[in-house]
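Report on the structure
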Amino acid sequence: MVNDNSYAYQSKDFSNYSCKQLKRLLNRSSTVTSIGIIILIGAIFQLIVAIGYERIVLFDRYTRSRLEDLSFILIVTGVIAIVTAIGILNRTSWGRWAGLFFCIIYLIGFPFGTAIGIVGIPAFFLAKELFGDNRIHHASIKEERKRRKAAGVLMKGDSLFSRLLAKLAGIN
């Protein structure tokens, strides 16, 4: 019986990545996943608020109309945010660009949105190899990091000593 697991990842050759580059790639992967989760949580909260606006019974017809308009906008943007979060978490090629777009929009939301945008823009912009069909999976990066640590190569950067250890261990 053949186990066809569509979520299985292929091992990638990391020989052209230094320890410092591998650590940065792992950090970007974690950042991208975190931002995808933040977008998803924000979108769910946004949809809950929008549904709450729809349920408010007001006597003022003008105010009710405005809340209905705001509710509609929140629902549409919430659905777009959920689709974007799914694209980011599944690491689709369009998810990278949608995530970058959301991070640019988040810059407006001081202070938390600005912090997310500042962290997310370089993470999405520099994480090309983490998205698309031939992407590097987070689990394979973690596996390589564990392998290098077990071989005695420290993940603290590209010091002369760590490069020498990597060469001696046959990793880099």
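If you're wondering where the values come from, they're calculated on a predicted model, not measured in any experiment.

Cut-offs and rules
Residues numbered from 1 in each chain as written. Predicted model: local features only at pLDDT ≥ 70, side-chain atom pairs only at ≥ 80, totals over all residues. Heavy atoms only, no water. Helix = DSSP H or I, 4+ residues; strand = E, 2+ residues; numbered from the N terminus. Buried < 20%, exposed > 50% of the residue type's maximum accessible area, 1.4 Å probe, protein only. Lys, Arg positive; Asp, Glu negative; His and termini not counted. Salt bridge = Lys/Arg side-chain N within 4 Å of Asp/Glu carboxyl O. Contact = heavy atoms within 4.5 Å. Phe/Tyr/Trp six-rings, centres within 6.5 Å; stacked < 30°, edge-to-face > 60°. pLDDT = per-residue confidence, 0-100.

Let us look at the side chain of Arg91. Inspection of the secondary structure puts Arg91 in the loop between helix 2 (61-89) and helix 3 (93-106). No salt bridge is formed by the buried Arg91, whose closest oppositely charged neighbour, Glu129, lies at an N-O distance of 9.2 Å. Residue contacts for Arg91: discarding those within four places in its chain leaves Ser29, Val32, Thr33, Leu130, Phe131, Gly132 and Arg135.

Going through the model one piece at a time under the given rule, you end up with two salt bridges. The closest approach of N and O atoms between Arg147 and Glu144, which form a salt bridge, is 2.8 Å. With Arg147 and Glu144 both in helix 5 (residues 138-150) and three residues apart, this pair spans about one turn of that helix. Judged by relative accessible area, which is 43%, Arg147 ranks as partly exposed.

Another aspect to go through is the environment of Ala115. Within the secondary structure, Ala115 is located in helix 4 (residues 112-125). A relative accessible area of 40% places Ala115 in the partly exposed class. Taking the C-alpha atoms as reference, Ala115 lies 9.3 Å from Cys103; in sequence the two are twelve residues apart.

With that settled, the discussion passes to the packing of aromatic side chains. One pass over the structure, following the stated rule, counts four aromatic pairs. Plain terms: the ring middles of Phe102 and Tyr106 are 6.2 Å apart, the flat faces sit at 75° to each other, and that makes the pair edge-to-face. Here Phe102 and its partner Tyr106 are both found in helix 3, four residues apart, which amounts to about one turn of the helix. For Phe102, a relative accessible area of 13% puts it in the buried group. Between the aromatic rings of Phe124 and Phe131, the centroid separation amounts to 6.0 Å while the plane-to-plane angle is 35°, which identifies the pairing as tilted.

This paragraph deals with the environment of Gly42. Positionally, Gly42 belongs in helix 1 (residues 19-55). What makes Gly42 partly exposed here is its relative accessible area of 30%. Expressed as a C-alpha distance, the spacing of Gly42 and Ile82, which sit 40 residues apart in the sequence, is 8.8 Å.

So, about the confidence of the model for the protein. Per-residue confidence for the protein averages 82 on the pLDDT scale, and 77% of its residues sit at or above 70. The least confident element of the protein is helix 6 (residues 160-169), whose mean pLDDT is 59; the most confident is helix 3, at 94. Counting interchain partners and residues more than four positions distant, the pLDDT-below-50 stretch residues 1-9 has four contacts.

Moving on, we get to unusual backbone geometry. Residue Pro111 follows Phe110 across a cis peptide bond; omega there is 0°. Tracing the sequence through the fold places Pro111 in the loop between helix 3 and helix 4. One non-glycine residue, Arg91, lies in positive phi territory at about 55°.

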